[in-house]
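What follows is each chain in one-letter form.
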Amino acid sequence: MGKNDIKESSLLHQRLKTALHDGIKVWIETRDKSYFGVPIGLDRDFVEVLILVPGSEEDSTEYIFQRVTWVVRLSSISAIAYPSEYWSTDRLDSLLNKSPLSTDI
């Protein structure tokens, strides 16, 4: 198995591929920067991350957004976070307020 085969099958690459396929936002940490956005491209060495940021159009009453695309080298990524489950407010409240199991013997 070659070096590129290992990169293709890495957990990082698998998670980025899933996020790309499903349109899931990810948080990427490198040594110098953090990125938050939707992966729009992925190969063996890089991931492209799309970020929409508010523009600075001062005299416009409409919301202006700027599309920024980062190309991040996979080897520089030290951590990635992605949502693995979504909860409604009701479900979160019920999980937080659930009484612990009785441990009386």
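Higher on the page you've got the structure.
Residues numbered from 1 in each chain as written. Predicted model: local features only at pLDDT ≥ 70, side-chain atom pairs only at ≥ 80, totals over all residues. Heavy atoms only, no water.

(A) Spotlight on the pairing of strand 3 (residues 46–54). Looking at chain direction, strand 2 (residues 34–42) and strand 3 are connected through four bridges and run antiparallel. When the sheet's bridge partners are listed, Val 38 is paired in strand 3 with Leu 50. A loop of three residues connects strand 2 with strand 3, the two strands running antiparallel in sequence. Two strands pair when backbone bridges link them, and strand 3 and strand 4 (residues 65–73) are joined in this way by nine bridges, in the antiparallel orientation. Paired with Pro 54 across the two strands is Phe 65, which belongs to strand 4. (Pairing = 2+ DSSP bridges. Helix = DSSP H or I, 4+ residues; strand = E, 2+ residues; numbered from the N terminus.)

(B) Local environment of the pairing of strand 2. Here strand 1 (residues 26–30) runs beside strand 2; their pairing, made up of four bridges, is antiparallel. Looking across to strand 2, one finds that Trp 27 is bridged to Phe 36. Linkage of strand 1 to strand 2, two consecutive antiparallel strands, is achieved through a turn of three residues.

(C) Structural detail: a nonpolar patch on the surface. Together, Trp 87, Leu 92, Leu 95 and Leu 96 give the surface a local cluster of nonpolar side chains, amounting to about 390 Å² of exposed area. With respect to the helices and strands, the residue Trp 87 is situated in the loop between strand 5 (77–81) and helix 3 (89–97). (Patch = residues over 30% accessible without salt bridge, like charges linked within 9 Å, V, L, I, M, F, W, Y side chains within 5 Å. Areas by Shrake-Rupley, 256 points an atom, 1.4 Å probe, with all protein chains shown as cover. Salt bridge = Lys/Arg side-chain N within 4 Å of Asp/Glu carboxyl O.)

(D) Region of the structure containing the sheet that holds strand 2. Within the open sheet, the five strands sit side by side as 4-3-2-1-5. Their pairing is antiparallel. Only two strands of the sheet have a single neighbouring strand rather than two, namely strand 4 and strand 5. Averaged over all adjacent pairs, the angle separating strand axes in this sheet is 40°, with direction ignored. The strands touched by helix 2 (residues 11–22) within the sheet are strand 1, strand 2, strand 3 and strand 5, with strand 2 carrying the most contacts at an inclination of about 80°. (Axes fitted to C-alpha atoms, helices over the stretch in contact; angles between N-to-C directions. Contact = heavy atoms within 4.5 Å.)

(E) Representation of the packing of aromatic side chains in the model. Per the counting criterion, the structure on display carries two aromatic pairs. Relative to Phe 36, the ring of Trp 27 has its centre 4.9 Å away and its plane inclined at 35°; by these criteria the two rings are tilted. Taken together, a centroid distance of 5.0 Å and an interplanar angle of 65° make the contact between Tyr 35 and Trp 70 edge-to-face. Of the two residues, Tyr 35 sits in strand 2 while Trp 70 sits in strand 4, which places them 35 residues apart along the sequence. A relative accessible area of 11% means that Tyr 35 is categorised as buried. Judged by relative accessible area, which is 31%, Trp 70 ranks as partly exposed. (Phe/Tyr/Trp six-rings, centres within 6.5 Å; stacked < 30°, edge-to-face > 60°. Buried < 20%, exposed > 50% of the residue type's maximum accessible area, 1.4 Å probe, protein only.)

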